[in-house]
Amino acid sequence: EAQVTQNPRYLITVTGKKLTVTCSQNMNHEYMSWYRQDPGLGLRQIYYSMNVEVTDKGDVPEGYKVSRKEKRNFPLILESPSPNQTSLYFCASSLGLAGVSNNEQFFGPGTRLTVL
Amino acid sequence: AQSVTQPDIHITVSEGASLELRCNYSYGATPYLFWYVQSPGQGLQLLLKYFSGDTLVQGIKGFEAEFKRSQSSFNLRKPSVHWSDAAEYFCAGALTGGGNKLTFGTGTQLKVEL
């Protein structure tokens with residue numbers, strides 16, 4: 001089954017304790033993104049990747065890191081989490097760019113992160 | 001700046017009634033437009049998308065949307081709502097050359113009364 005998986009689905013942590021949220025897709029997609037969803041703000045892009053070792057900032061990259069060492073995986077790293085990073089996080093993948101005809105972004109199930 | 005606006009935060013309709021969810025966009029050029037649905041505790045599922053051509057787009061679950069350039073709108077419609085349609089709906093846009101970013105609206109929460 002074609003899918004995007006994220007782990008963990010739920011995470012409660014404390015300020016300053018490094019964490020990684022994993023994302024994996026099995027569709028051989030080149031493009032992957034991370035979004036955060038906050039009430040009243042919709043989804044905002046954190047980082048995206050166009051291929052292995054190619055990443056770029058989205059709208060809200062501060063406090064986050066990403067890496068793309070393999071095509072299928074795109075982990076999100078919070079080196080020193082803070083309470084304002086409490087949010088619902090989504091990973092997405094697509095065959096091509098979001099703004100190119102017939103490219104659809106497939107979303108993972110989300111990771112709910114709470115930083116105390 | 002590129003933006004997508006969903007003016008209605010919450011909408012309540014009776015089961016069997018028709019539905020229209022509003023979406024307005026602000027881009028320098030015509031964007032590609034999408035509607036996603038998010039059921040409680042779930043990820044986002046694509047309902048439909050508009051790239052070019054016919055301005056009335058059919059999607060899954062009986063939804064359709066109409067692109068109106070003159071009004072910068074891409075409203076989502078369904079003739080008869082089912083209780084299972086209760087969810088949050090997001091309109092999103094993307095531009096060629098805009099990286100890999102979908103710009104999302106803030107969402108409309110749909111409640112269906114039985």
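Scroll up to find the structure this text is about.
Keep in mind it's a predicted model, so treat the numbers as computed, not measured.

**Q** When you look at the packing of aromatic side chains in this model, what are you seeing that I'm missing?
**A** Think of a pair of aromatic rings as described by two things: how far the centres are apart, and how the planes are tilted against each other in angle. Within this structure, the stated rule accounts for 16 aromatic pairs over all chains. With 6.3 Å between their ring centres and 85° between their planes, B:Phe90 and B:Phe104 make a pair best called edge-to-face. Taken together, the positions of B:Phe90 in strand β10 (residues 87-94) and B:Phe104 in strand β11 (residues 103-104) put the pair 14 residues apart, joining distant regions of the chain. Every member of this aromatic cluster is reached through a ring pair, and the members are A:Tyr35, A:Phe90, A:Phe107, B:Tyr32, B:Phe34, B:Tyr36, B:Phe51, B:Phe90 and B:Phe104.

**Q** How should I be thinking about the interface of chain B and chain A in this particular structure?
**A** How big an interface is tends to be expressed through the accessible area that disappears when the partners come together. Of the residues lining the interface, 23 residues belong to chain B; the matching set on chain A comes to 29 residues. In total, chain B and chain A occlude about 1,900 Å² of area from one another, counting both sides; carbon and sulfur atoms represent 54% of this. Counting the contacts that link chain B with chain A gives 0 salt bridges. Inspection of the region where chain B meets chain A yields 3 residue pairs in polar contact (both at pLDDT 80 or more).

**Q** Explain the sheet that holds strand β7 (residues 65-66) of chain A here, please?
**A** Sheet strands associate in pairs through backbone hydrogen bonding, adopting either a parallel or an antiparallel arrangement. Residues and elements named next belong to chain A. One open sheet holds the 4 strands; their spatial order is β1-β3-β8-β7, and the pairing between them is antiparallel. Strand pairing shows two members of the sheet lacking a second neighbour, β1 (4-7) and β7, which therefore form its edges. Sheet topology places strand β3 (residues 19-25) next to strand β8 (residues 76-78); 3 bridges connect them, and they run antiparallel. The residue of β8 that forms the bridge with Thr20 is Ile77.

**Q** What is the right way to look at the state of the cysteines in this model?
**A** As used in these notes, a disulfide is a covalent bond between sulfur atoms, one from each of two cysteines. All names here are of chain A. This structure, assessed with the given rule, holds 2 disulfides over all chains. Covalently, Cys23 is tied to Cys91 through a disulfide, its sulfur atoms 1.8 Å apart. Because the sign of the S-S torsion sets the handedness, a value of about -70° for the bond joining Cys23 and Cys91 places this disulfide among the left-handed ones. Highlighted residues: Cys23 in strand β3 and Cys91 in strand β9 (residues 87-94), separated in sequence by 68 residues. Of the residues examined, Cys23 reaches a relative accessible area of 2% and is grouped as buried.

Scoring rules and cut-offs
- Residues numbered from 1 in each chain as written.
- Chains lettered and ligands numbered in written order.
- Predicted model: local features only at pLDDT ≥ 70, side-chain atom pairs only at ≥ 80, totals over all residues.
- Heavy atoms only, no water.
- Phe/Tyr/Trp six-rings, centres within 6.5 Å; stacked < 30°, edge-to-face > 60°.
- Helix = DSSP H or I, 4+ residues; strand = E, 2+ residues; numbered from the N terminus.
- Contact = heavy atoms within 4.5 Å.
- Buried area = accessible area lost by both parts, 1.4 Å probe.
- Salt bridge = Lys/Arg side-chain N within 4 Å of Asp/Glu carboxyl O.
- Polar contact = N/O pair within 3.5 Å; in protein donor to acceptor, adjacent residues only side chain to side chain.
- Pairing = 2+ DSSP bridges.
- Disulfide = S-S within 2.5 Å.
- Buried < 20%, exposed > 50% of the residue type's maximum accessible area, 1.4 Å probe, protein only.

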